[in-house]
Amino acid sequence: MPLSEFIKLSIGRMATGRPMKAKIIEKHGKKEFAVIPYKDFLRLQEEIEDYHDLRDLRRAKADPKNRQGRPLDLVATTLKLKRKS
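Now for a description of the structure that goes with this document. (Residues numbered from 1 in each chain as written. Predicted model: local features only at pLDDT ≥ 70, side-chain atom pairs only at ≥ 80, totals over all residues. Heavy atoms only, no water.)

1. Quick look at unusual backbone geometry
Condition: The helix count covers DSSP runs of H or I at least four residues long, the strand count covers runs of E at least two residues long, and both are numbered beginning at the N terminus.
Phi is positive for H28, close to 55°, though the residue is something other than glycine. Residue placement: H28 occurs in the loop between β1 (23–27) and β2 (30–35). One non-glycine residue with positive phi stands out, namely K80, at about 55°. Summarising the element assignment, K80 is placed in the segment after α3 (72–78).

2. Brief notes about the environment of D40
This is how it is decided: Residue exposure (1.4 Å probe, protein chains only): buried if accessible area is under 20% of the type maximum, exposed if over 50%, otherwise partly exposed.
Looking at the element boundaries, D40 is found in helix α2 (residues 38–62). You can call D40 buried: its relative accessible area is 2%.

3. With respect to the pairing of β1
Selection rule: Strand pairing requires that DSSP identify at least two bridges connecting the strands.
In terms of strand pairing, β1 meets β2 through five bridges, oriented antiparallel. Opposite I25, over in β2, you have F33 as the bridge partner. The turn joining β1 and β2, which pair antiparallel and follow one another in sequence, is formed by two residues; a positive phi near 55° is taken by H28.

4. What about a negative patch on the surface?
Note the threshold: For patch detection, residues must exceed 30% relative accessible area and be free of salt bridges, and they are connected within 9 Å for like charges or within 5 Å for nonpolar side chains (Val, Leu, Ile, Met, Phe, Trp, Tyr). Only the protein chains shown count as cover for residues, and all accessible areas are computed by the Shrake-Rupley method using a 1.4 Å probe. Whenever Lys or Arg places a side-chain nitrogen within 4 Å of a carboxyl oxygen from Asp or Glu, that contact is recorded as a salt bridge. Two residue types count as positive, namely Lys and Arg, and two as negative, namely Asp and Glu; His and chain ends fall outside the count. Every charge is mapped to an atom, namely NZ of Lys, CZ of Arg, CG of Asp or CD of Glu.
Residues E46, E49, D50 and D53 make up a contiguous surface patch of negative charge. One can find E49 in helix α2. Residue classification places E49 among the partly exposed residues on the basis of a relative accessible area of 47%.

This is the structure in structure tokens:
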């Protein structure tokens, strides 16, 4: 789903199920700006970040080079991690 479509869906509803309240400001009879409560802005910003994270995860999972696992010892050595005794 494109980000613009995701934003339209997010603006239309909130986690509480109620629609977002926006004040529309017009200029020369055309809608120019939408002013939303700060709480709604923070929620929308978080949802957009979650969307980007999910999109990146799906891309990584679809990449053939990420399909084969790696042994834990190899990962630990690569990251220079030490095992607990």
